[in-house]
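If you want the building blocks of each chain, they are given just below.
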Amino acid sequence: MKLWNFLFSERCPKCKETLNTTKSKALYGMIIKTCPNHHYQKEFHPALESFIERHQVS
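Computed from a predicted model, the values in this text were never measured in an experiment.

J.: Hey, could you run me through the packing of aromatic side chains in this one?
T.: Geometry of an aromatic ring pair is reported as the spacing of the ring centres plus the angle between the planes. Under the definition given, this model contains two aromatic pairs. Where F44 meets F51, the ring centres are 5.2 Å apart and the plane angle is 55°; that geometry is what we call tilted. Above the face of the F51 ring, K42 is positioned so that its terminal group lies 4.5 Å from the ring centre.

Structure (structure tokens):
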């Protein structure tokens, strides 16, 4: 089962850590995933129906 979770978990492209989902806004449907080391951030916007990726999040 660990292999299954490893294959489907999203990871930071720089440090390969699993992305955390701590800044989600459920009311708006936005999902924000960040790297624990602040290298990468990925946001899903339902109005745009796309992902926005940022590198070197401060």
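J.: Is there a simple way to explain the environment of C35 in this structure?
T.: Its location among the elements puts C35 in the loop between β1 (31-34) and β2 (40-45). Assessed through its relative accessible area of 1%, C35 is described here as buried. Along the sequence, C35 and L19 sit 16 residues apart, while their C-alpha atoms lie 4.8 Å from each other. Not counting the four nearest positions on each side in its chain, C35 is found in contact with C12, C15, L19 and Y40.

J.: Quick question: what am I supposed to make of a nonpolar patch on the surface here?
T.: Where nonpolar side chains cluster on the molecular surface, the patch consists of L3, W4, F6, L7 and F8 and spans about 640 Å² of accessible area. With respect to the element layout, W4 can be found in helix α1 (residues 2-8). With a relative accessible area of 53%, W4 lands in the exposed category.

J.: Even after reading the chapter, I still don't get the pattern of salt bridges, so can you show me in this structure?
T.: Side chains that carry opposite charge are capable of pairing whenever their charged atoms lie near each other. In total, this model carries three salt bridges according to the counting rule given. When the shortest N-O distance is used, the salt bridge between K42 and E10 registers 2.5 Å. In this pair, K42 is assigned in strand β2 and E10 in the loop between α1 and β1, connecting sequence segments 32 residues apart. Taking the relative accessible area as the measure of exposure, K42 reaches 14% and is therefore buried. The class of E10 is partly exposed, set by a relative accessible area of 26%. The network of salt bridges with common partners includes E10, K33 and K42.

J.: Hey, could you run me through the sheet that holds β1 in this one?
T.: Sheet strands associate in pairs through backbone hydrogen bonding, adopting either a parallel or an antiparallel arrangement. Judged by pairing direction, the sheet is antiparallel, and its three strands sit side by side in the order β1-β2-β3 without closing on themselves. Every interior strand has two partners, whereas the edge strands, β1 and β3 (50-55), have only one. Geometrically, the sheet is characterised by an average inter-axis angle of 15° between neighbouring strands, direction not taken into account. Across four bridges, the pairing between β1 and β2 is antiparallel. Within β2, the residue paired with I32 across the bridge is E43.

Criteria and thresholds
Residues numbered from 1 in each chain as written. Predicted model: local features only at pLDDT ≥ 70, side-chain atom pairs only at ≥ 80, totals over all residues. Heavy atoms only, no water. Phe/Tyr/Trp six-rings, centres within 6.5 Å; stacked < 30°, edge-to-face > 60°. Lys NZ or Arg CZ within 6 Å of the ring centre and 35° of its normal. Helix = DSSP H or I, 4+ residues; strand = E, 2+ residues; numbered from the N terminus. Buried < 20%, exposed > 50% of the residue type's maximum accessible area, 1.4 Å probe, protein only. Contact = heavy atoms within 4.5 Å. Patch = residues over 30% accessible without salt bridge, like charges linked within 9 Å, V, L, I, M, F, W, Y side chains within 5 Å. Areas by Shrake-Rupley, 256 points an atom, 1.4 Å probe, with all protein chains shown as cover. Salt bridge = Lys/Arg side-chain N within 4 Å of Asp/Glu carboxyl O. Pairing = 2+ DSSP bridges. Axes fitted to C-alpha atoms, helices over the stretch in contact; angles between N-to-C directions.

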